[in-house]
Amino acid sequence: MTDEPIDIGVLGYRFMGKAHANALDRLPMFFEDAPETNRHTVIGRDEEALAEAAETLGFEHTATDWRDVIDEVDAFYNLGPNHLHVEPSIAALEAGTPVLCEKPLAPTLSGAEEMRDAAADADMPAACAFNYRFVPAIRYAKRLIDAGEIGEIRQVRGRYLQDWLSDPEAPWSWRNDEEMAGSGALGDLGAHTVDLARFLVGDRVGEAASVSGHLKTFTEERPVEGADGETRPVTVDDAYSAQVEYDSGAMGTFEASRVTEGHKNDHTIAVHGSEGSLEFSLERLNELEVMTGDARGYETVLVTDEDDPYIDHWWPPGHVIGWEHTFVHENYEFLKSVARGEDFSPSFEDAYEVQRVLDAVERSDAEGVRVALD
Ligand code: SOE
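Residues numbered from 1 in each chain as written. Predicted model: local features only at pLDDT ≥ 70, side-chain atom pairs only at ≥ 80, totals over all residues.

The chain carries the name Gfo/Idh/MocA family oxidoreductase in an unreviewed UniProt entry, which gives Halobaculum magnesiiphilum as its organism.

Written out as structure tokens, the structure reads:
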């Protein structure tokens, strides 16, 4: 394990840029064994905004071209829009620099495949930032599933509901564009759920064997912010639903939407086995609903005890943590992998498997048939 500070270059400085910079800030205070880091360069297009971001997020340098940075740093964080995931991430790996890339891995399956192959050739950490794997209650759920507490897995059900595009006048952004985003609610939100299901029960149920999917766009065009009367077409889904059959025969039922009134960030996943059930909701992220053994219903387990995953690093038992802590845990694990030169999970390979499911949902919707995966 190297003791040298890890120089980090970050592409993107808005929402995800802040989430990761905040995580880097928290690490030395709460995770004493985390590798030391140095916020080296923040990368973007707009020099004025970049200078401000460098100041606020604590980066030493700014750059307008990622090509100038990827071999100057020890880790490259790709937090840009989805259409910027493929080329810079592959170039960084080819330059010998470990990568942490935001989700979904790529706008298309072929892009994700190229990234997976580049990661296999590079033999260094190539991570996809599925941050919900690092929620203590999710890790706790996985422990129970792995210990056989809920028996043989029969069903996994997940939904991710938001409302920020419910208003047809909500402005157009890259997230509404197929070229830049790949897909809408499916890739942005569904990728998280499909990954969580894979994380929780993948060892037991295998990969998706067949998929049936449905996509819907409710608002076909949206106003361009600041351009009076101008609109742009929405070329991605506002909502999706899918049914998955896993190798074991277990069923997956998934949906996501960015137009669901009354739901802000409702990511809920439930796993039902032959001997019990578990349910997690992001809106109550310190809790896990557990039903095992002879219990006649669910018990709410508060996952904030010292021996719960990651909790010993934070506050005394019962002092809850939040959404931003998932990024701290994720950065902790990723940076340890970088320092030790070890693999990281979720990897590009994991994220490629998720992308196969997303792609199958789209194909199923387009062709009106159930799609078999090899
Ligand atoms: C979309 O609104 C979004 O910010 C996603 O891009 C994130 O991945 C999710 O965690 C929260 O919602």
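A separate point is the overall build of the chain. Counting its secondary structure elements, the chain contains 9 helices and 17 strands. For the chain, the C-alpha radius of gyration of 20 Å lies close to 21 Å, the compact-globule estimate for 374 residues. A principal-axis box enclosing the C-alpha atoms of the chain has dimensions of 60 × 50 × 40 Å. A buried classification covers 50% of the 374 residues belonging to the chain. Look at the contacts in the chain between residues 6 or more apart in sequence, and 71% of them connect residues 24 or more apart. (Helix = DSSP H or I, 4+ residues; strand = E, 2+ residues; numbered from the N terminus. Rg over C-alpha atoms; globule rule 2.2 N^0.38 Å. Buried ≥ 20, exposed ≤ 12 C-beta atoms within 10 Å, placed from the backbone. Contact = placed C-beta atoms within 7 Å.)

Taken in spatial order, the 9 strands make up an open sheet running β16-β15-β14-β13-β7-β12-β11-β8-β17, and their pairing is mixed. In the strand order of this sheet, the two ends are held by β16 (299-302) and β17 (371-372), each with one partner. Inspection of the sheet shows strand β11 (residues 239-246) paired to strand β12 (residues 251-257) by 7 bridges, in the antiparallel sense. If you follow S241 over to β12, its bridge partner there is E255. Running at roughly 160° to strand β7 (residues 153-161), helix α7 (residues 185-205) makes contact with β7, β8 (208-216), β11, β12 and β13 (266-273) of the sheet. (Pairing = 2+ DSSP bridges. Axes fitted to C-alpha atoms, helices over the stretch in contact; angles between N-to-C directions.)

Either a parallel or an antiparallel arrangement is found when strands of a sheet pair, and the pairing is made through backbone hydrogen bonds. Taken in spatial order, the 6 strands make up an open sheet running β3-β2-β1-β4-β5-β6, and their pairing is parallel. Each edge of the open sheet is held by one strand with a lone partner, namely β3 (61-63) and β6 (126-128). Shown here is a sheet whose adjacent strand axes are inclined to one another by a mean of 20°, direction ignored. Inspection of the sheet shows strand β5 (residues 99-101) paired to β6 by 3 bridges, in the parallel sense. Directly across from C101, in β6, lies its bridge partner C128. Against the sheet, helix α3 (residues 86-94) makes contact with β1 (6-11), β4 (75-78), β5 and β6, and its axis sits at roughly 165° relative to β5, the strand it touches most.

The positions that UniProt labels "domain: Gfo/Idh/MocA-like oxidoreductase N-terminal" (unreviewed entry) are, in the present scheme, residues 7-123. Summarising residues 7-123: 43% helix, 19% strand, and an end-to-end C-alpha distance of 19 Å. (UniProt positions renumbered as here; feature names shortened; annotations may be inferred.)

This paragraph deals with the UniProt feature "domain: GFO/IDH/MocA-like oxidoreductase" (unreviewed entry) in the chain. Under the UniProt annotation, "domain: GFO/IDH/MocA-like oxidoreductase" (unreviewed entry) lies at residues 138-279. The straight-line gap between the two end C-alpha atoms of residues 138-279 is 9 Å; of that span, 24% is helix and 36% is strand.

You can see A92 is positioned in helix α3. On the basis of neighbour count, A92 is assigned to the buried category, with 29 C-beta atoms found within 10 Å. For the pair A92 and E72, spaced 20 residues apart in the sequence, the C-alpha separation amounts to 10.0 Å. Ignoring anything within four residues of it in the chain, the contact list for A92 reads I70, F76, T97 and V99.

Further remarks concern helix α2 (residues 47-57). All of the buried residues along α2 are L50, A53 and A54. One side of α2 holds all its buried residues, which, seen down the axis, span an arc of 100°. The outward face of α2, more than 90 degrees from its buried face, is lined by the exposed residues E48 and E55. G58 occupies a position one or two residues after α2 and carries a positive phi of about 80°. (Arc of directions from axis to C-beta.)

The biggest cluster of nonpolar side chains holds 107 residues, and the ones touching the most others in it are L105, A127, A137, A141 and V357. Per element, the largest residue contribution to this core is 11 residues, and it comes from α7. Filtering out sequence-adjacent residues up to four positions away, A137 remains in contact with F280, L285, N286, E287, L288 and V303. (Core = buried A, V, L, I, M, F, W, Y, C linked by C-beta atoms within 7 Å.)

Buried within helix α5 (residues 136-146) are the following residues: P136, A137, I138, Y140, A141 and I145. In the core, the buried residues of α5 are packed alongside α7, β13, β14 (276-281) and β15 (287-292). Positive backbone phi, at 80°, marks G148, one or two positions downstream of α5.

Right, let's talk about the environment of E32 for a bit. Considering the arrangement of structural elements, one finds E32 in the loop between α1 (15-30) and β2 (37-43). For the pair E32 and T300, spaced 268 residues apart in sequence, the C-alpha to C-alpha distance is 31 Å.

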